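Close look at the chain arrangement
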Amino acid sequence: MSWVECPAGRHWGTFGAAGLAIVAPGPLLLVLHRAVGSHHGGSWGLPGGALDEGESAQDGALREAAEEVAGFDPELLELISSYQDRCPADCGWSYTTWLARTPAPFPARPGNWEHTDYAWTDPDATELALLPALAAAIPRWRIHRGI
């Protein structure tokens, strides 16, 4: 995987990227604390990352969650819908977020070096420093998907 360079900036993932927004009743959103040295290190974001060649956004989001969240069980999820953010320069790159419900928050821990902690947080009232793209996306999810 590598960065895609375009007039709008740099995007991670030659074939695009995807993430998984897991929501439990409350609503509570599962977020991971990004390790210093990672892109936007120190902020809180979703499990997600670059897609492999030929991989669907749904499969990539679930794979990334399994890699990044120890304790993740896809059987506990109901996939609701997806939301795609496309590059504003129309370079062909996009990030797809899959929205999923789980019946209750589950115990989790970071599954690799990319994250140092996790939290279940109210997405509308969190004190956590969210990844800028995540903070911008949350209001759109509410409007378009009813979360």
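Residues numbered from 1 in each chain as written. Predicted model: local features only at pLDDT ≥ 70, side-chain atom pairs only at ≥ 80, totals over all residues. Heavy atoms only, no water.

A few points about unusual backbone geometry
As a reminder of what qualifies: A run of H or I in DSSP counts as a helix once it spans at least four residues, and a run of E counts as a strand once it spans at least two, with each numbered from the N terminus.
Here the residue pair Gly26 and Pro27 is connected by a cis peptide bond, since its omega of -5° sits within 30 degrees of zero. Locating Pro27 in the fold gives a position in the loop between strand 3 (17-24) and strand 4 (28-34).

Structural notes on the confidence of the model for the chain
For clarity, the cut-off: Looking at any residue, its pLDDT shows the predictor's confidence there, from 0 to 100.
Confidence along the chain averages 85 in pLDDT terms, with 95% of residues attaining 70 or more. For the chain, the element scoring lowest by mean pLDDT is helix 2 (residues 132-145), at 73; helix 1 (residues 57-68) scores highest, at 93.

Overview of the nonpolar core
Defined as follows: What we call a nonpolar core is a set of buried Ala, Val, Leu, Ile, Met, Phe, Trp, Tyr and Cys residues that are connected through their side-chain atoms within 4.5 Å. Here's how the labels work: a residue is buried when its accessible area is under 20% of the maximum for its type, exposed when over 50%, partly exposed in between, all with a 1.4 Å probe on protein chains only. Contacts: residue pairs with any heavy atoms within 4.5 Å of one another.
The biggest cluster of nonpolar side chains holds 18 residues, and the ones touching the most others in it are Leu20, Ile22, Val69, Phe72 and Phe106. The set of elements that each furnish at least two residues to this core consists of strand 3, strand 4, helix 1 and strand 9 (94-101). Ranked by residue count, the leading element in this core is strand 3, at four residues. For Val69, the contacting residues outside a window of four places in its chain are Leu30, Leu32, Pro47, Phe106, Ala108, Arg109 and Gly111. With 15 residues, the next largest nonpolar core counts Leu29, Tyr83, Leu131 and Ala137 among its residues.

Observations concerning the pattern of salt bridges
Heads up, the condition is: When a carboxyl oxygen of Asp or Glu lies within 4 Å of a side-chain nitrogen of Lys or Arg, that pair is called a salt bridge.
Per the stated rule, a full pass over the model turns up four salt bridges. Here Glu55 makes a salt bridge to Arg63, at a shortest N to O gap of 2.8 Å. Assigned by exposure class, Glu55 and Arg63 land together as buried. Through salt bridges with shared partners, a single ionic network connects Asp52, Glu55, Arg63, Glu64 and Glu67.

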